[in-house]
Amino acid sequence: CRKHHEVPMGAWFSQLGNLNQVHHLWQYPDLQVRKEVREAAWNEDGWPATVLNTVPLIQNMSSRIMLPMPFSSLK
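Quick caveat: nothing in here was measured; it's all calculated off a predicted structure.

**A word on the overall build of the chain**
Then comes step 1: For the chain, the helix and strand inventory stands at two helices and two strands.
Then comes step 2: Beginning at the N terminus, the succession of helices and strands in the chain can be written as β-β-α-α.
Then comes step 3: Taking 2.2 N^0.38 as the reference for a compact globule, 75 residues should give roughly 11 Å; the C-alpha atoms of the chain span a radius of gyration of 14 Å, well beyond that estimate.
Then comes step 4: With the C-alpha coordinates aligned to their principal axes, the bounding extent of the chain is approximately 40 × 35 × 15 Å.
Then comes step 5: Looking at the chain residue by residue over its 75 residues, the buried ones come to 12%.
Then comes step 6: When contacts within the chain are restricted to residue pairs at least 6 apart in sequence, those whose partners lie at least 24 apart make up 40%.

**Topic: the side chain of E6**
Then comes step 1: Locating E6 in the fold gives a position in the segment before β1 (8-13).
Then comes step 2: One polar contact links E6 to Y28, side chain to side chain, over a distance of 2.5 Å.
Then comes step 3: The contacts of E6, once residues within four sequence positions are left out, are W26, Y28 and V37.

**Let's talk about the confidence of the model for the chain**
Then comes step 1: For the chain, per-residue confidence averages 88 on the pLDDT scale, and residues scoring 70 or more make up 99% of the total.
Then comes step 2: The spread of mean pLDDT over the elements of the chain runs between β1, the lowest at 89, and helix α2 (residues 47-54), the highest at 93.

Criteria and thresholds
- Residues numbered from 1 in each chain as written.
- Predicted model: local features only at pLDDT ≥ 70, side-chain atom pairs only at ≥ 80, totals over all residues.
- Heavy atoms only, no water.
- Helix = DSSP H or I, 4+ residues; strand = E, 2+ residues; numbered from the N terminus.
- Rg over C-alpha atoms; globule rule 2.2 N^0.38 Å.
- Buried < 20%, exposed > 50% of the residue type's maximum accessible area, 1.4 Å probe, protein only.
- Contact = heavy atoms within 4.5 Å.
- Polar contact = N/O pair within 3.5 Å; in protein donor to acceptor, adjacent residues only side chain to side chain.
- pLDDT = per-residue confidence, 0-100.

What follows is the structure in structure tokens.
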């Protein structure tokens, strides 16, 4: 559902160390666009149900806002 509004930069999950950890990376030009895109996803068919079904599986969650370095091609 979110792919209609944004393009994922990457997604990974662990098979060594702490197992069953999911990591996903999204790129936004700024925090306002991030907010707008995430709010728009709630209007997509299937997104509320996806959240409802996956939230019970989450044991802990964290979020980080990262900024590209001057040499990054993501700027």
